[in-house]
Amino acid sequence: MGKKLSVMLVLVLVLVTSASAFANWTGTITLWDAPRWRDENDDQFHWVKAKIAEFEALHPGVKIELIETPWAELGEKLSIAIAGRAWPDIVPVDISGAINRTHLEQGVVEALDAYMTEEELEDFFPGALQAYTYKDKLYGIPMSMTVHVMLLNLDHFEEAGVEPPVDGRWTWDEFVEKAKALTFDSDGDGKIDKYGFSTYILQGYYEAWPFFYMDGGVPLVDNTFGFTSPEAISAIQKLVDLKFVHGAAPVEMGSADVGGTFRALAREGERYVAIQPWNTWAIATVTGEGVNHLPNVMVAEYPVGDLGKPVTIGGAGGWVVMHQSNKDKRDVVVEFAKFLSTPEEQYTFATEYGTFPARKSAEAMNPFADKPHMARAAQMVEHSVPLPEHPAWAQIDERIQAELQLIFAGEKSVEDGMESAAAQIQRLLR
Amino acid sequence: MFKRIWKARSGYLFILPKYILFTIFVLIPIIWSVFVSFQEYRVFGTEWVGLLNFQDVFHDDLFWTAVGNTLRYAVIVMPSSVISALILASLINPLKRGAQTFFRASFYLPTVASSVVISMVWRWIFQTRFGLANYFLSLFGAEPINWLHSSAWAMRSVIIMAVLTPPGMGIILYLAAMASIPESLYEAATIDGANRFVQWWKITLPLLKPTTLYLMIVSTIGSFQVFDQVMLMTQGGPGYATTTIVHRIYNVAFRDFQFGYAGAMSMFLFVAIITLALIQSKVLSGDVEYKG
């Protein structure tokens, strides 16, 4: 009896000590974040600053240092920080890019399973959790989900006298016909200056990729390169033909940069392309205020090919907690990550930032009640497929995209390009 | 030896801050990259792999594509920057002091500007639809060129940008070297009936040999290290048409996290540059005396 009492006392002491250590941990947490939506002062970090102030008020002695980083630089800066073992404590990335499987295997990122209750996990959409899971461990707290959609400038459609697709659904043939009709000479100088469609091919970007899936092809099948299949070749060829055979896309289709492509759709004074595929963040941009506001815009699905249903590529965003050698600090950092990912915050992201909540309870708040474009985009989540999971995906992606660039520049045939990619990728897949 | 150092201590103290920075930011990283090139680098715990990374480099097609692209760039940019600096300095040197200062400042200004800014400007110039380059071509009825996005033109565009960016540092160095050539040599040549071109060819050019050698070495190193222009203008594409050695090293290190492999490529670059510099030095070196 006395022995049992002693053990109980020791256990209680341990619990009290660790609890007090947790409560008493003071110090600085470094948070990297990238621009979100603007407030009235044009501040794109106002949301995270407000959350930091709230958290610091709840935890005296804990200071959160915010490092403001552009999205375009976040990945590279993080890679360099990891190389120098000077990483931040918490960062908004997924685990397929700057943070990847290699980092997870090397223990650079904290697994968070021990910090999540069954009840909490139940509240997340399985796809969101899957995006942060590797070898059955959860390596981040999902904050949002996204898909790629087609954005249509309806003023361009009206000018060309073309009817938009009914309810945003179309077959490939219908899409081609409309893209051709949307390509015309608007100022009568004898030169085509308005185009039906455009997109770009760059490493790490997948706006064009759902087209490549539309006939049933996928990039990796059982650790084998799949874009050499007849289904993938046929789908890529269709998009190439849109430019070179049908003339419904400008010369820079496939080669322009992200900003240049977006301006061609949305920028006031440019707007020479009617249809472009974009991640859902673009919906908030074209429906918001500013030079990229499109007065008449429509959200549509990717056209349906031989597969018989539309396909889109989905992704997830969230908070990753980097390796912590101090357990007490880790507890506070994870608490802060959870503090940023509550259903209320995910609802705010959905209404203000153009993302879909990763939590069911946030979705239940109906964030898109007055946002029909986002509501339409949300319907496409069911058609979304994730990118392949492979430790060397960044290198595989680089090889595929490099060949696609040459194909869309008209320098290689689809077959030659994909065969060349297959030869290069084979070594990485081994 | 210590006595000598102690005697010249004020001089050593003046250069000490520079050498501390050099040691921290250049020497130690170079030594570290030598070590890392023999390892498979991991954040927590690395593994010694001997020459495996070097073997991989020799079997990496992309690396050799990058070597080819870098050579294409260096073969044109290095001589053109040295020759254009020499020609511009020779044209500026005979001018009056005020005009000389004006041109010296004008040509040096782009050197002060960040290469990022210059690359961004050139990206706009080469923009297919709205760029100045294609507008200029259209004035002559020529078809627009897809400058940065076709394999045939992408590297040419990067080279054009490098060639047309004034070699400010080279001009300044040549002007300084020209100013130190004794005037008596030109006076004697004039008496002997040599015209301005002959004087330039027989006196100026040979006496500028040390400066030319220095500029050739520095320019070769710079050309082999071309990175930011490529990164900003083409990101190494289309395909791998503009991927250079340093761009490849950067991607392998900071995207693929293969620091050992990147270290091995860096060693290759290091040896290539040293070898070229030694060859240039051997071929071009020779005593130069300003005999009055």
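Residues numbered from 1 in each chain as written. Chains lettered and ligands numbered in written order. Predicted model: local features only at pLDDT ≥ 70, side-chain atom pairs only at ≥ 80, totals over all residues. Heavy atoms only, no water.

1. As for the domain arrangement of chain A
Residues and elements named next belong to chain A. When the domains of chain A are assigned, the result is domain 1 (26-146 + 315-378) and domain 2 (147-313 + 387-429). Counting residues at the interface gives 13 residues for domain 1, matched by 18 residues for domain 2. For the pair domain 1 and domain 2, the summed buried area comes to about 1,300 Å², and 53% of that belongs to carbon and sulfur atoms. For the pair domain 1 and domain 2, the interface holds two salt bridges. Between Arg376 and Asp167 there is a salt bridge; the shortest N-O distance is 3.7 Å. Where domain 1 packs against domain 2, one counts two residue pairs in polar contact (both at pLDDT 80 or more). Per-element accounting of the side of domain 1 that touches domain 2 gives the leading share, four residues, to helix α16 (residues 372-378). Looking at the side of domain 1 that touches domain 2, its residues break down into four nonpolar, seven polar and two charged. (Domains from an automatic or database assignment. Contact = heavy atoms within 4.5 Å. Buried area = accessible area lost by both parts, 1.4 Å probe. Salt bridge = Lys/Arg side-chain N within 4 Å of Asp/Glu carboxyl O. Polar contact = N/O pair within 3.5 Å; in protein donor to acceptor, adjacent residues only side chain to side chain. Helix = DSSP H or I, 4+ residues; strand = E, 2+ residues; numbered from the N terminus. Nonpolar A, V, L, I, M, F, W, Y, C, P; charged D, E, K, R; others polar.)

2. Considering the confidence of the model for chain A
Per-residue pLDDT for chain A averages 90, and the proportion of residues at 70 or more is 94%. Counted against residues more than four places away or in other chains, residues 13-22 of chain A, with its pLDDT under 50, gives five contacts. (pLDDT = per-residue confidence, 0-100.)

3. Some details on the side chain of Gln395 of chain A
Note on placement: Gln395 of chain A falls in helix α17 (residues 393-408). Here Gln395 of chain A is in contact with Leu428 of chain A together with Arg255, Asp256 and Gln258 of chain B, once residues within four sequence places are set aside.

4. Comments concerning unusual backbone geometry
When glycine is set aside, most residues are seen to have a negative phi, and most peptide bonds are trans. The amide bond that connects Gly237 of chain B to the next residue, Pro238 of chain B, takes the cis arrangement and shows omega of 0°. Of note in this structure, Asn223 of chain A is not a glycine but carries a positive phi near 65°. Locating Asn223 of chain A in the fold gives a position in the loop between β8 (220-221) and β9 (224-225). With a phi close to 35°, Arg271 of chain A is a non-glycine residue in the positive phi region. Along the polypeptide, Arg271 of chain A turns up in the loop between α11 (258-266) and β10 (273-279).

5. Points about the environment of Ile159 of chain B
Locating Ile159 of chain B in the fold gives a position in helix α8 (residues 151-164). Along the backbone, Ile159 of chain B and Arg72 of chain B are 87 residues apart, and their C-alpha atoms lie at a distance of 8.9 Å.

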